[in-house]
Every structure is written in C-alpha cells, then in structure tokens.
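So you can see what is in the structure, the chains are spelled out below.
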Amino acid sequence: MSTYNCISEDVKLGTNVSLSKFINLYGCEIGNDTKIGAFVEIQKNARVGSRCKISSHTFICEGVVIEDNVFIGHGVTFTNDTYPRAVAPNGTLQTEVDWRVERTVIMKGASIGSGVTILSNTSVGENAIVGAGSVVTRDVPPNAIVAGNPAKILRYTEQKTEGQNVHSPQH
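This structure is a prediction, so every number in the text was calculated from the model and none was measured. Numbering of residues begins from 1 in every chain and follows the order in which that chain's sequence is written. At least 70 in pLDDT is required for a residue's local features to be given in this predicted model, at least 80 for side-chain atom pairs to be given and counted, and no such filter applies to totals for whole chains, interfaces and linings, which use all residues. Excluded from the side-chain calculation are hydrogens and water; included are all heavy atoms of the structure.

1. Here's the deal with the overall build of the protein
Move 1: Note on conventions: DSSP H or I runs of at least 4 residues are helices, E runs of at least 2 residues are strands, and numbering of each starts at the N terminus. The helix and strand inventory of the protein stands at zero helices and 23 strands.
Move 2: Note on method: radius of gyration uses C-alpha positions; expected globular size equals 2.2 Å times residues raised to 0.38. In summary, the protein has a C-alpha radius of gyration of 17 Å against a globular reference of 16 Å for 171 residues, a match within 12%.
Move 3: Along the first, second and third principal axes, the C-alpha atoms of the protein reach 55 × 40 × 20 Å.
Move 4: Each residue is assigned to one of three classes by its accessible area relative to the maximum for its type, calculated with a 1.4 Å probe on protein chains only: buried under 20%, partly exposed between the two thresholds, exposed over 50%. In the protein, which comprises 171 residues, the proportion classed as buried is 41%.
Move 5: Residue contacts are counted whenever heavy atoms from the two residues lie within 4.5 Å of one another. Here the analysis covers contacts within the protein between residues at least 6 apart in sequence; of these, 16% occur between residues at least 24 apart.
Move 6: A total accessible area of about 9500 Å² is found for the protein, and carbon and sulfur atoms account for 51% of it.
Move 7: For this count, His and the chain ends are skipped, Lys and Arg are scored as positive, and Asp and Glu as negative. In plain terms, the charge of a residue is placed at NZ if it is Lys, CZ if Arg, CG if Asp and CD if Glu. Taken as two groups, the 15 positive and 16 negative side-chain charges of the protein have centres that lie 6 Å from each other. We get accessible surface area from the Shrake-Rupley algorithm with a probe of 1.4 Å; when it comes to residues, only the shown protein chains can shield them.

If you want it as structure tokens, here you go:
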C-alpha cells in the first residue's frame, strides 16, 4: 500500500487498473482497464465496471453500481440514503444497523458531468449524458441528455445503427 493511497485488502482490482495518488478504496470492486483519479473514495459494496474513467474528487458510496464504459466527471457525489439522520429514534448516533442502503445504477456507456449529485434509488440509462452541475432525482432514460436541478430531459443522443443515424424518440 502506498503512503498516498488507502486500499484495503478486500478491494478487488481488475487488470490494468490505473490508480492516482490520494485515493481511498475499501470493500469495492474495480473492473479491468479502469482509471481512478486523485482524491476519489469508493466505499464497500460499490462496483465500478471495466474501461471506466472516474475523475478526481468523486465520492462513490456503498450501493452504487457503475457498469462498463462509463465516464464520471470531477467532483461527482452519489448518495445512498433518501432520509439520512445523525441519530436513531432513541437519540444515539446512528450506526450501519440503523439504515438501509439504497442502490444506484449508472448503466453502460453513460457520461456524468463534473459536479453532479446523484440521489439514491435512481438509475442513469445506457449511453445517457448528465450535464455538469445537475442533480439527478429520478431515473434517466437510455440515450437521454439531461441537465439542471432537478435534471430534466433536454433531448436524446443520436445512435448509429448499421451506418444510419437514428434519433431516439422524444418524451
């Protein structure tokens, strides 16, 4: 272990994973050919797929699944609890037994812009793009381009199918 990185023994690293300095990884899984930037934390039971790029200052908490070929911009924050509280009903500080981790999924080929916050219990569809600074409060459909707070669909990406440009339907 480097003096600049904290990587616990239970981390599963794929082949050709590139790790910058000043990262914190524990109990997570990182796929092949993925690049992790500086000042990134990835918590236990989170999974990052193959050929992903996780940019600096990003926080990936427990319950987040990032599929293959995903880009995560700088300073992206994930959450895993819809109603976080500091104390339990009896007034003591909460521990892991006091909350239920909620899952978040970023599907294959998606791109998440810098400064995005993604709330728990959401998914970002395949090849979707989330604009910088957005707050994702609900599911993003495949191929959608979303932006804002809360993130709203602006349009859909063009998908190339057998040499033709095909536009996804607008909602």
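2. So, the nonpolar core
Move 1: Nonpolar cores were defined as sets of buried Ala, Val, Leu, Ile, Met, Phe, Trp, Tyr and Cys residues, with membership established by side-chain atoms within 4.5 Å. The biggest cluster of nonpolar side chains holds 35 residues, and the ones touching the most others in it are Ile42, Ile54, Ile60, Ile66, Phe78, Ile106 and Ile112.
Move 2: Mapped onto this core, the elements with two or more residues apiece are strand E11 (64-66) and strand E20 (144-147).
Move 3: Leave out the neighbours within four places in its chain, and Phe78 touches Phe59, Ile60, Cys61, Val64, Ile66, Ile72, Thr104, Ile106 and Ile118.

3. Overview of the pairing of E20
Move 1: For two strands to count as paired, DSSP must find a minimum of two bridges between them. Pairing geometry for strand E18 (residues 129-130) and E20, over two bridges, is parallel. Residue Ile129 lies in a different strand from E20, and its bridge partner there is Ile145.
Move 2: As paired elements, E20 and strand E21 (residues 152-156) share four bridges and run antiparallel to each other. The residue bridging Val146 from the neighbouring strand is Ile153, located in E21.
Move 3: The turn linking E20 back onto E21 is made up of four residues, and Gly148 within it adopts a positive phi angle of 110 degrees.

4. Some remarks on the layout of surface pockets
Move 1: Throughout, the protein atoms alone are placed on a 1 Å grid, and a set of points is a cavity if a 1.4 Å probe fits but cannot get out or a pocket if it is open with protein on both sides within 12 Å along at least five of seven lines; lining residues have an atom within 4 Å of a point. Grid points are joined across faces, edges and corners, and a volume is the space filled by probe spheres set on the points. Of the volumes computed, that of the largest pocket is approximately 220 Å³.
Move 2: What lines the largest pocket is Tyr26, Gln43, Lys44, Phe59, Cys61, Glu62, Thr79, Asn80, Asp81, Pro84, Glu96 and Trp99.
Move 3: Each residue gets one of three labels, nonpolar for Ala, Val, Leu, Ile, Met, Phe, Trp, Tyr, Cys and Pro, charged for Asp, Glu, Lys and Arg, and polar for the others, Gly among them. Broken down by class, the residue content of the lining of the largest pocket amounts to five nonpolar, three polar and four charged.

5. Digging into the pattern of salt bridges
Opposite charge on two side chains permits pairing when their charged atoms draw close.
Move 1: When a carboxyl oxygen of Asp or Glu lies within 4 Å of a side-chain nitrogen of Lys or Arg, that pair is called a salt bridge. Here the structure, examined in full by the defined rule, presents three salt bridges.
Move 2: Across the salt bridge formed by Glu96 and Lys44, the nearest N and O atoms sit 2.6 Å from each other. Taken together, the residues span a long stretch of sequence, with Glu96 in the loop between strand E13 (77-78) and strand E14 (104-106) and Lys44 in the loop between strand E7 (41-42) and strand E8 (47-48) at a distance of 52 residues.
Move 3: Overall, Glu96 belongs to the exposed group, its relative accessible area being 51%.
Move 4: Assessed through its relative accessible area of 24%, Lys44 is described here as partly exposed.
Move 5: A salt bridge links Glu102 to Arg100, with the nearest nitrogen and oxygen atoms 3.6 Å apart.

6. Here we look at the sheet that holds strand E9 (residues 53-54)
Hydrogen bonds along the backbone pair up the strands of a sheet, which may run parallel or antiparallel.
Move 1: What the eight strands build is an open sheet, ordered E3-E6-E9-E12-E15-E18-E20-E21; its pairing is mixed. If you trace the sheet from one side to the other, it starts and ends with strand E3 (18-19) and E21, each paired once.
Move 2: With two bridges joining them, E9 and strand E12 (residues 71-72) adopt parallel strand pairing. What sits directly across from Lys53, in E12, is Phe71.

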